[in-house]
Amino acid sequence: MSHLLPLSRVARLVGQSRHALQEMIRSGALATFDGMVEFDELLRAFPDVKWDDDAELRRVNEIKEKAFAKRVLERALPDKEVLAARLTELGNDYAAAKALLAHYASVMAWLDEKIDEIEEEGSAETRHALHTVRAFLLRNLAEAPADAAQAQAAIAHERILRIMSAHVTIQPSGHEFFVEGNDTLLEAALRNGVSLNYGCSNGNCGDCKARLVSGEVKKVHAHDYVLKQAEKDRGVILLCSYAPVNDVVVEANVAGARDIPVQEITAKVKSVEVFNPHMAALHILAPRSQRLRFLGGQGVRLTVDGASGRYAIASCPCEDRHIEVQIPRREADVFAEALFTRLKANDSVAVEGPYGEFVLDEDSPRPVIFLAFGAGFAPIKSLVQHAMSLDLAESMDLHWLADVAGHYQDNLCRAWADALDNFAYVPHPPVDDLDAALRAIVTDYPDLHRFDVYAAGTAAQLERAEAAFTGAGLHRPRWFAGAIDA
Ligand code: FES
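Along each chain, residue indices are assigned from 1 in the same order as the chain's sequence is written. A pLDDT threshold of at least 70 governs which residues receive local features in this predicted model, and a stricter bar of 80 or more applies before side-chain atom pairs are shown or counted, although totals over entire chains, interfaces and linings include all residues. Each side-chain value is worked out from all heavy atoms of the structure, with water and hydrogens disregarded.

## Considering the overall build of the protein
For step 1, the next point in the chain: Helix numbering and strand numbering both begin at the N terminus, where a helix is a DSSP run of H or I of at least 4 residues and a strand a DSSP run of E of at least 2. Tallying secondary structure elements over the protein gives 14 helices and 20 strands in all.
For step 2, the next point in the chain: With respect to the principal axes defined by its C-alpha atoms, the protein has extents near 105 × 55 × 35 Å.
For step 3, the next point in the chain: The long-range share in the protein, meaning contacts at least 24 apart out of those at least 6 apart in sequence, stands at 71%.
For step 4, the next point in the chain: Note on areas: Shrake-Rupley with a 1.4 Å probe; residue coverage comes only from the protein chains shown. Taken as a whole, the protein presents about 23,700 Å² of accessible surface, with 52% of it coming from carbon and sulfur.
For step 5, the next point in the chain: Under the counting rule used here, the positive set is Lys and Arg, the negative set is Asp and Glu, and His together with the chain ends is not counted. For charged residues, the charge sits on one atom: NZ in Lys, CZ in Arg, CG in Asp, CD in Glu. Positive and negative side-chain charges of the protein, numbering 51 and 71 respectively, have mean locations separated by a distance of 5 Å. The contact criterion used is simple: two residues touch if any of their non-hydrogen atoms lie within 4.5 Å.

See the structure below:
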């Protein structure tokens, strides 16, 4: 049993976060080989895991599903072609294991015969030695090892996860995610917040071309775009039409803020959520054929009946067609007025964007402090959810310095803190002395040089916060600011 498992799969098997496992690796409690974990090591490091009882994992996932408003662990079956291929692979593994066992049995029978032959002619000493060897072999073959039941349950659990999901590694970025249910590679990437290049998402444009480096995929949706033979020979596939059969490595470009073009779509209002007289959220749904490509932290221009405004997106790019925009009620903001007074479900809204470069540095593994001033919570919420879906930061601390609208999504922030062991939420009431409040926050971080800080608020608030954080040791290039009044 020497097969190797990627860390993300181990995290799923034992119901722990990748960060908790990375901590175990750092402390020497879990050994890895080329970043992978051997099955025997898994059993050694987690002797107490109940492999046949995933109640705890399900409980944590249910909390996460509520907190992130997205699917965490899909239980739908894969596409039938993919399922058949995965079952065939499992059958082949089983046949290979059976053939190996039959081979071992024949080797044992030969050995038994040889011992018989030698025993007849050998000296008393040789006979005694052979007797001991035979007794040892028979005893050990008859008795199952002490942890056999544990190993069997772990293998069964791992096999079920392999049938239900496949692990994907994107090169050269190193992003990892699972493809679950009947998702294509593109759908799974977007669901996990990985912004791969794509256009039509239905096999027409060729923008989602990528190269399969290893593993096996199946076409699950027909595509009109024609791949040239030379491309097929190089392993080029369309991410929107293929699903992985087993764990795959794919070479594909991950888009940054500057790579995503400004798009224009007409979305439908799903609901208007008025938190209080000062703040409301507009939930809109992009058309099935035209999702809006954006990154966490970016903004859009919204227009309805000539009333227009530019606002920060408050949802994660991983949320399929759903987009949430949070809008404070401000004088002279005609779009906000329309939102608070007359917008209703099914109304059409013109959406243009995305805009802005206040996005995550996905290459940084550093711990993160999120700093939201009032309505600056909107882009911060989007960034937090994007970071969660990418499983990005070592730890995340959210400081929300409220304004007159208060902590209007306090429960959500507390749910994140409940669901994740590496997330802390610190609400701060409205303050008169902003500099004193910032000084109090930075005092809690004597090692600020290790952190990335993402802050959103008015330009004036950001200027003072930047001075406080860099003055307390934060490296200036690790300060990321998004002005909501720009
Ligand atoms: S996104 Fe257009 S072909 Fe895949």
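After presenting the structure, the write-up continues.
## A short note on the sheet that holds strand S14 (residues 322–328)
For step 1, the next point in the chain: Pairing between strands is defined by DSSP: at least two bridges between them are needed. Spatial strand order, S13-S12-S15-S10-S11-S14: 6 strands in an open sheet with antiparallel pairing. Bordering the open sheet on either side are strand S13 (307–312) and S14, each of which pairs with just one other strand. Sheet twist, expressed as the mean angle between neighbouring strand axes with direction ignored, is 35°.
For step 2, the next point in the chain: Pairing of strand S10 (residues 263–276) with strand S11 (residues 279–285) involves 7 bridges; the strand directions are antiparallel. All axes are obtained by fitting lines to C-alpha atoms, using only the stretch in contact for helices, and the reported angles, taken between N-to-C directions, cover 0 to 180 degrees.

## Some details on the side chain of serine 364
For step 1, the next point in the chain: Structurally, serine 364 can be placed in the loop between strand S15 (348–355) and strand S16 (368–373).
For step 2, the next point in the chain: N or O atoms within 3.5 Å of each other form a polar contact, as long as, within protein, one can give a hydrogen and the other can take it, and as long as residues adjacent in sequence are counted only when both atoms are side-chain atoms. Within the structure, serine 364 has its side chain in polar contact with the side chain of aspartate 452 (distance 2.6 Å).
For step 3, the next point in the chain: What serine 364 contacts, discounting residues up to four positions off in sequence, is Leu392, Asp452 and Arg478.

## Overview of the nonpolar core
For step 1, the next point in the chain: Here, nonpolar core means buried Ala, Val, Leu, Ile, Met, Phe, Trp, Tyr and Cys residues that are tied together by side-chain atoms lying within 4.5 Å of each other. Each residue's exposure class comes from its accessible area (1.4 Å probe, protein chains only) as a fraction of the maximum for that residue type: buried when under 20%, exposed when over 50%, partly exposed otherwise. Counting 57 residues, the largest nonpolar core has Leu239, Phe370 and Ile380 as the members making the most contacts within it.
For step 2, the next point in the chain: In terms of residues, this core owes the most to one element, helix H11 (residues 377–390), which gives 7 residues.
For step 3, the next point in the chain: The split of the chain into domains comes from an automatic or database domain assignment. Per-domain counts for this core show at least three residues from each of domain 3 (165–257) and domain 5 (368–483).
For step 4, the next point in the chain: Ignoring anything within four residues of it in the chain, the contact list for leucine 239 reads Thr184, Leu185, Leu186, Leu196, Cys208, Ala210, Val250 and Ala252.
For step 5, the next point in the chain: With 25 residues, the next largest nonpolar core counts Ile265, Val300, Ile313 and Phe335 among its residues.

## Remarks on the sheet that holds strand S5 (residues 209–214)
For step 1, the next point in the chain: Strand order in this open sheet of 5 strands is S4-S3-S9-S5-S7, and the pairing throughout is mixed. Edge strands, defined here as strands with exactly one partner in the open sheet, are strand S4 (176–180) and strand S7 (236–238). Neighbour-to-neighbour, the strand axes of this sheet turn through a mean angle of 40°, independent of strand direction.
For step 2, the next point in the chain: Looking at chain direction, strand S3 (residues 165–171) and S4 are connected through 5 bridges and run antiparallel. When the sheet's bridge partners are listed, threonine 169 is paired in S4 with glutamate 176.
For step 3, the next point in the chain: Its contacts with the sheet put helix H7 (residues 148–164) on S3 and S4, and the angle it makes with S3 is roughly 65°.

## Regarding the domain arrangement of the protein
For step 1, the next point in the chain: You can read the domains of the protein as domain 1 (4–49), domain 2 (80–160), domain 3 (165–257), domain 4 (259–355) and domain 5 (368–483).
For step 2, the next point in the chain: Averaged C-alpha coordinates put domain 1 and domain 2 at centres separated by 27 Å.
For step 3, the next point in the chain: Between domain 1 and domain 2, the contact holds 9 residues from the first and 6 residues from the second.
For step 4, the next point in the chain: A per-residue breakdown of the area domain 1 buries against domain 2 is headed by Leu13, Phe39 and Leu43, which together make up 72% of the total.
For step 5, the next point in the chain: What counts as a salt bridge is simple: a side-chain nitrogen of Lys or Arg found within 4 Å of a carboxyl oxygen of Asp or Glu. At the junction of domain 1 and domain 2, the tally comes to 0 salt bridges.
For step 6, the next point in the chain: Linking domain 1 to domain 2 there are 0 residue pairs in polar contact (both at pLDDT 80 or more).
For step 7, the next point in the chain: Sorting the residues of the side of domain 1 that touches domain 2 by element identifies helix H1 (7–14) and helix H3 (39–45) as the ones contributing at least two each.
For step 8, the next point in the chain: Gly is put with the polar residues, along with every residue not named as nonpolar or charged; the nonpolar set is Ala, Val, Leu, Ile, Met, Phe, Trp, Tyr, Cys and Pro, and the charged set is Asp, Glu, Lys and Arg. Residues belonging to the side of domain 1 that touches domain 2 are distributed by class as follows: 7 nonpolar, no polar and 2 charged. Values labelled buried area give the accessible surface lost by two parts on being combined, using a 1.4 Å probe and summing over both.

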